[in-house]
There are 2 protein chains.
Amino acid sequence: MTVSGPGYSPGLKGVVAGETSLAMIDGAQGRLQYRGYPVGELVEHGTYAQVAELLWTGEWPTKTDGAHLGCVPLSAAVVGTLRELPPDSNAMDALRTGLSTWGAEAGLTWPPTAEQARSVTAVAPSVLAAFARLRDGLEPVEPDPSLSLPAGFLFQLNGSPPDAAEARALEAYFIVGAEHGFNASTFTARVITSTHSDLASAVVGAIGALKGPWHGGAPSEVVNQLHEMGSPTEAEAWIRAALARGERLMGFGHRVYRAYDPRAAALRKEAEGLASVASWLQQAIAIEEIALKLLAEHKPDYPIKTNVEYYAAAVLQGVGLPPNLFPATFALARHAGWTAHALEQATANVLIRPDVRYVGPAERHLLPD
Amino acid sequence: MTVSGPGYSPGLKGVVAGETSLAMIDGAQGRLQYRGYPVGELVEHGTYAQVAELLWTGEWPTKTDGAHLGCVPLSAAVVGTLRELPPDSNAMDALRTGLSTWGAEAGLTWPPTAEQARSVTAVAPSVLAAFARLRDGLEPVEPDPSLSLPAGFLFQLNGSPPDAAEARALEAYFIVGAEHGFNASTFTARVITSTHSDLASAVVGAIGALKGPWHGGAPSEVVNQLHEMGSPTEAEAWIRAALARGERLMGFGHRVYRAYDPRAAALRKEAEGLASVASWLQQAIAIEEIALKLLAEHKPDYPIKTNVEYYAAAVLQGVGLPPNLFPATFALARHAGWTAHALEQATANVLIRPDVRYVGPAERHLLPD
C-alpha cells in the first residue's frame, strides 16, 4: 500500500516543521553549533550548566556569573515510586516513571519557563541514580549540590565523588549530547508542548521516544563489539572479517554527518587529554584508526566516519557506567535540549497536527448479529 | 520571526504525514467512520470491546464471537505508585504515571501487538479508578471482569455497578471517543512508535499530549457554562448576552466539522433513548436547541454546530463523574485508537523525523572569561 502525491511525506523527511535558534547542524561539513557556538569550543571551555543556560536563555553565562546547576534531592514520592519498580526494569522506563511522578507533584503550568527547565534537568540525574542503586539493593545517596550535574550524577550512583578526569569526561559527554535539532524525541516534546500541556509531560514523552533503538541507538552494542575485537592488534582481522560478511560496524556512519561527527571529535579530543580513565579510551582511539582505514578501503566512494555513539560508549564505559544505563544517561544530557525546544515552541506556538490520508475500506454496514 | 518558503509548514497543517485505514473523517458532511463503519451505527449496535477489536484487527467481531474486554486488576507496584501521588494531582498525571509503572513491569517488546493493545487498554480504567478512590481516602476496588470496560470503570470508581442506562451512556461515549485520525496525541504515539520504542511509552506520551487544553479541550467548562445558564428558560437570555459580549459558547464549533459533529449526534441519540440519567441530559438537549438557533441568528453565514465535547460533558456528568476526571476518561476511551495507530505505524514503519530551519545566530566564539 503506497500512495504518493503532493504534500505526502511519510516520516516527514524533507518537511520543514518549524524554526529553531538552538542547533545549527551542517552534516556535509561536520559542524554543530548551539546558538552559534561550535560544540567543540563549548566542550573545551564550558560546563554543561553554562551550555544549558545558553540553550534556555540564548546568552552565554560566564563562570563568574555563577552559572551552576547541581543535582537536587528527590521527594519521598519519587523515591517511593522507584522502589515499586522491578529491579530488572529498563532504566529508561524507570527514568520515565520517576519523572512522571515528579511532574504530578510539581504541577507545572503553561507556559514552560527556564526555571521549570532547570528544575526537571536538575532532578533527572537523581532519579536515574536512585533507581540504579535501588535495583542493586542499595539506598539512594543524597546529592552533593556543589558538584556539577554530571559529577553529581556519578556521586549519587557510586556514593563517592568521581575523580577529575571522570568528571571532565562525563561533562564533555553531557555537552555534546545536550541538543541536536528536530530528532524524534525532541519533536515529541514539541508536539506535546504545542497542545499547551506541561513540561513534565513533554519530557516524559521524549524519554519514551528516545527509548526506541532507531532513535536512541544501541550504545551498548559499541561496547560489545569493542570487547569482541579485543586488542587493537587483533581488531584489524576482526573488522576485515566483519566487513567481508557485510556486517555493520557499530559507532560508524550517520544519517546526517558525512564528514567527521563534530561530537565524536570533541569527545575524542577531550579523551586524549585525560590522564586516567585512559586505557579503555586509548584502545578505542587505536581501534578507530584501524576501522576508518578499513572502511575507506571497503567503500572508497562512500565516506563512513566515526559517529558520536562510538566515543559516547568509550566515555560512558570509561567512567564506569554499566551499558544498561547508557541510553538513560543520554536522556539526562538531552534534557537541556528537550526543555529548550519546549520553551522555543511555546514562544511562537502552533498546534502540531499533520494531516493523514485515509486508505481504508469504503463505507460499509454492520450485518445483523 | 516568520520565514516561509517551499516545504515550510509550522504545525504541519496540510502536510500528509502518513496513511491510515482506521478513521475516515469528512468534516464537510459530518461523517466519521471507523474502518468504513459509520460511528453512529457502531454506537447503536456495538460495544467498545467490539469497536476496539475492529480498530486493532480490521474485522468486526460479532458478539457471539465473544469479543469482550473487561477491566483487569492492578499489580502491587502500580497501586503502590498511585499511593505515592499527592491527592490533588492532575488525574492525567496520575494515569500517565500509573501506566508508566505498568509499562516498566510489562517490559513490552517491539513490535506492538493486538494482545499488548488489549492489555494496556484493559488496565487503564483500573489505574484511573484506583487513583480517584485513593485521593478520596478510599481503597481501590477489585475489578469485575465480567463487566464491559466502561461499566467496569464505573464499578471500580463507585464500588457498585452502574445501572443499565449509565453503562450504556458511557459505552457510547467510549465508542465515539475511541479514534479520530492524526490528532496531536495520536501523532505523538506514532512518532514514539516509529523509533521502535514500546507501546507503553507511546501511550504514556499520548496521555501527555492529550493533557494539553488545546488538544484535550476543557470539557469541564461545558459543565460550568451549563450550570451558569441554569434552566432552559433562563438559558436564552444568558446565551444572547454572552454572544453579544463576543464570548465563545463551550461545546459548539469544531476545527474539522462544519456540519453537525457525528459523535455529538450519536451521543445525543443515545441520550434521548435513556430513561434514567436523563434530567441532566434532557436539559442539555433543550439548551442545545436554543444555542443552535441563536448561533445561526448571530452568524448566519458561518455555521457553528454542536461538537462532541458538548454531549461528552453531558454524558460524563450524567453518569456521575466529577469534571476533574473528564480529560482522563477521554484518554481511557482513546486508548483503542492510540494503540491501533501504533500497530498501523509498526506494520509499515518509517522513522518520523521532520526537518527544521535554523534561524539563530551566525557562528560566534566564546570570549575569555
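Since this is a predicted model, take the numbers as computed values, not measurements.

This brings us to the overall build of chain A. On a plain count of helices and strands, chain A comes out with 16 helices and five strands. Over its C-alpha atoms chain A spans a radius of gyration of 22 Å, differing by no more than 12% from the 21 Å that the globule rule assigns to 369 residues. Dimensions of chain A along its principal axes, counting C-alpha atoms only, are 70 × 50 × 50 Å. Among the 369 residues that make up chain A, the fraction classed as buried is 62%. Across chain A, contacts joining residues at least 24 apart in sequence account for 76% of those joining residues at least 6 apart. Total accessible area on chain A is roughly 13,200 Å²; 53% of this is exposed by carbon and sulfur atoms.

Turning our eyes to something else, we now look at the interface of chain A and chain B. Taken together, the contacts link 95 residues of chain A with 95 residues of chain B. Taken together, chain A and chain B are joined by four salt bridges. In this structure, A:Asp198 engages B:Lys211 in a salt bridge whose closest nitrogen and oxygen atoms are separated by 2.9 Å. Our count for the contact surface shared by chain A and chain B stands at 48 residue pairs in polar contact (both at pLDDT 80 or more). It is helix H4 (residues 91-106) of chain A that provides the largest number of residues to the side of chain A that touches chain B, a total of eight residues. In the side of chain A that touches chain B, the residues fall into 40 nonpolar, 36 polar and 19 charged.

To continue, consider the pairing of strand S1 (residues 16-20) of chain A. Most of S1(A) sits inside the fold, with five of its five residues counted as buried. Relative to strand S5 (residues 355-358) of chain B, S1(A) is paired through three bridges, and the arrangement is parallel. In the sheet register, A:Glu19 faces S5(B), and the bridge partner there is B:Arg357.

Take the side chain of A:Ser126 next. Residue and element names in this part refer to chain A. With respect to the helices, strands and loops of the structure, serine 126 is situated in helix H5 (residues 114-135). Using a relative accessible area of 0% as the deciding quantity, one classes serine 126 as buried. Residues within four places of serine 126 in sequence aside, it is in contact with Cys71, Val72, Leu74 and Gln156.

So, about the sheet that holds strand S2 (residues 23-26) of chain A. Residues and elements named next belong to chain A. If you trace the three strands from one edge of the open sheet to the other, you get S2-S3-S4, paired in antiparallel fashion. With partners counted over all chains shown, the strands left at the sheet margins are S2 and strand S4 (37-38), one partner each. In this sheet, strand S3 (residues 31-34) lies alongside S2 in antiparallel orientation, the contact comprising four bridges. Looking across to S3, one finds that isoleucine 25 is bridged to leucine 32.

This part is about the nonpolar core. If you look at the biggest cluster of nonpolar residues, it comprises 234 residues, and the most contacted ones within it are A:Ile239 and B:Ile239. Within the second largest apolar cluster, 16 residues are counted, among which are A:Ala184, A:Val191, B:Leu12 and B:Ala184.

Residues and elements named next belong to chain A. Position of arginine 334 relative to the elements: it lies in helix H16 (residues 326-347). In this structure arginine 334 is buried but unpaired, with glutamate 179 as the nearest side chain of opposite charge at 5.3 Å. Those residues within four positions of arginine 334 in sequence are excluded, and the remaining contacts are Gly177, Ala178, Glu179, His180, Asn183, Thr186 and Arg263.

In this section: the pairing of S3(A). Residue and element names in this part refer to chain A. In this antiparallel pair of consecutive strands, S2 and S3, the connection spans four residues, and glycine 30 shows a positive phi of 70°. Here S3 pairs with S4 via two bridges, running antiparallel. Its bridge partner lying in S4, tyrosine 34 is registered against tyrosine 37. What sits between S3 and S4 in their antiparallel hairpin is a turn of two residues, with arginine 35 showing a positive phi close to 50°.

Turning to the confidence of the model for chain A, a few remarks are in order. Of all residues in chain A, 95% have pLDDT values of 70 or greater, and the mean over the chain is 92. Here the prediction assigns the complex a pTM of 0.95, and the interface score ipTM is 0.95.

This part takes up the relation of the copies chain A and chain B. For these two chains of identical sequence, chain A goes onto chain B by a turn of 180° and a shift of 0.0 Å along the axis, with RMSD 0.0 Å. In symmetry terms, the pair is related by a two-fold rotation axis. When each C-alpha of chain A is compared by its distance to the rotation axis, A:Gly205 comes out closest, at 2.0 Å. Taken as a fraction of all interface residues of chain A, those also at the interface in chain B reach 100%, which identifies the copy contact as same-surface.

The subject of this paragraph is the layout of surface pockets. Here the largest pocket defines a volume of roughly 1,100 Å³. Around the largest pocket sit 43 residues that line it, and A:Arg248, A:Gly253, A:His254, A:Arg255 and A:Asn307 are the ones nearest its centre. Sorting the residues of the lining of the largest pocket by element identifies helix H7 (164-177), helix H10 (213-216), helix H11 (219-229), helix H14 (278-298), helix H15 (308-318) and H16 of chain A as the ones contributing at least two each. It is H10(A) that contributes the most residues to the lining of the largest pocket, four residues altogether. Of the residues that constitute the lining of the largest pocket, the class distribution is 21 nonpolar, eleven polar and eleven charged. Estimated volume of the second largest pocket: approximately 970 Å³. Taken together, 37 residues line the second largest pocket, and the ones lying closest to its centre are B:Trp214, B:His215, B:Gly217, B:His254 and B:Glu309. For the lining of the second largest pocket, the secondary structure elements donating two or more residues are helix H7 (164-176), helix H10 (213-216), helix H11 (219-229), helix H15 (308-318) and helix H16 (326-347) of chain B. Split into classes, the residues belonging to the lining of the second largest pocket amount to 19 nonpolar, nine polar and nine charged.

The next subject is unusual backbone geometry. Going from A:Trp110 to A:Pro111, the amide bond is cis rather than trans, its omega being -5°. Mapped onto the elements of the fold, A:Pro111 is located in the loop between H4 and H5. The backbone phi angle of B:Leu12 is positive, close to 60°, even though this residue is not glycine. Residue position: B:Leu12 is located in the segment before strand S1 (16-20).

Residues and elements named next belong to chain B. Relative orientation of the contacting elements helix H2 (residues 48-57) and helix H5 (residues 114-135) amounts to 145°, with a least axis distance of 10 Å. When you trace H2 past H5, the crossing you get is right-handed. Contact with H2, carried on its side by Tyr48, Glu53, Trp56 and Thr57, involves Ala114, Ala117, Arg118 and Thr121 of H5 and no other residues of that element. Of the residues belonging to the contact of H2 with H5, the class tally is four nonpolar, two polar and two charged.

As a further point, take the packing of aromatic side chains. Going through the model one piece at a time under the given rule, you end up with 13 aromatic pairs over all chains. Considering the side-chain rings of A:Tyr310 and A:Tyr311, the 5.2 Å spacing of their centres and the 80° angle between planes classify their relative orientation as edge-to-face. A:Tyr311 carries the same exposure label as A:Tyr310, and that label is buried. Here the aromatic residues A:Phe182, A:Phe187, B:Phe182 and B:Phe187 are joined through ring pairs into a cluster of three or more.

Residues and elements named next belong to chain B. Look at helix H6 (residues 149-158) against H7: their axes get within 8 Å of each other, and the N-to-C directions meet at 120°. When the axes of H6 and H7 are compared, the pair comes out oblique. You can see that H6 and H7 cross each other, and the crossing is right-handed. Here Pro150, Ala151, Phe153 and Leu154 of H6 come into contact with H7, specifically with Glu166, Ala167, Leu170, Glu171 and Phe174. For the contact of H6 with H7, the class distribution of residues is seven nonpolar, no polar and two charged.

Cut-offs applied
- Residues numbered from 1 in each chain as written.
- Chains lettered and ligands numbered in written order.
- Predicted model: local features only at pLDDT ≥ 70, side-chain atom pairs only at ≥ 80, totals over all residues.
- Heavy atoms only, no water.
- Helix = DSSP H or I, 4+ residues; strand = E, 2+ residues; numbered from the N terminus.
- Rg over C-alpha atoms; globule rule 2.2 N^0.38 Å.
- Buried < 20%, exposed > 50% of the residue type's maximum accessible area, 1.4 Å probe, protein only.
- Contact = heavy atoms within 4.5 Å.
- Areas by Shrake-Rupley, 256 points an atom, 1.4 Å probe, with all protein chains shown as cover.
- Salt bridge = Lys/Arg side-chain N within 4 Å of Asp/Glu carboxyl O.
- Polar contact = N/O pair within 3.5 Å; in protein donor to acceptor, adjacent residues only side chain to side chain.
- Nonpolar A, V, L, I, M, F, W, Y, C, P; charged D, E, K, R; others polar.
- Pairing = 2+ DSSP bridges.
- Core = buried A, V, L, I, M, F, W, Y, C linked by side-chain atoms within 4.5 Å.
- Lys, Arg positive; Asp, Glu negative; His and termini not counted.
- pLDDT = per-residue confidence, 0-100.
- Least-squares fit on C-alpha atoms with pLDDT ≥ 70 in both.
- 1 Å grid on protein atoms, 1.4 Å probe; cavity = no way out; pocket = protein on both sides within 12 Å on 5 of 7 lines; lining within 4 Å.
- Points joined across faces, edges and corners; volume = space filled by probe spheres on them.
- Axes fitted to C-alpha atoms, helices over the stretch in contact; angles between N-to-C directions.
- Left-handed = near helix turned anticlockwise from the far one by under 90°.
- Phe/Tyr/Trp six-rings, centres within 6.5 Å; stacked < 30°, edge-to-face > 60°.
- Parallel < 35°, antiparallel > 145°, perpendicular 65-115°, else oblique.

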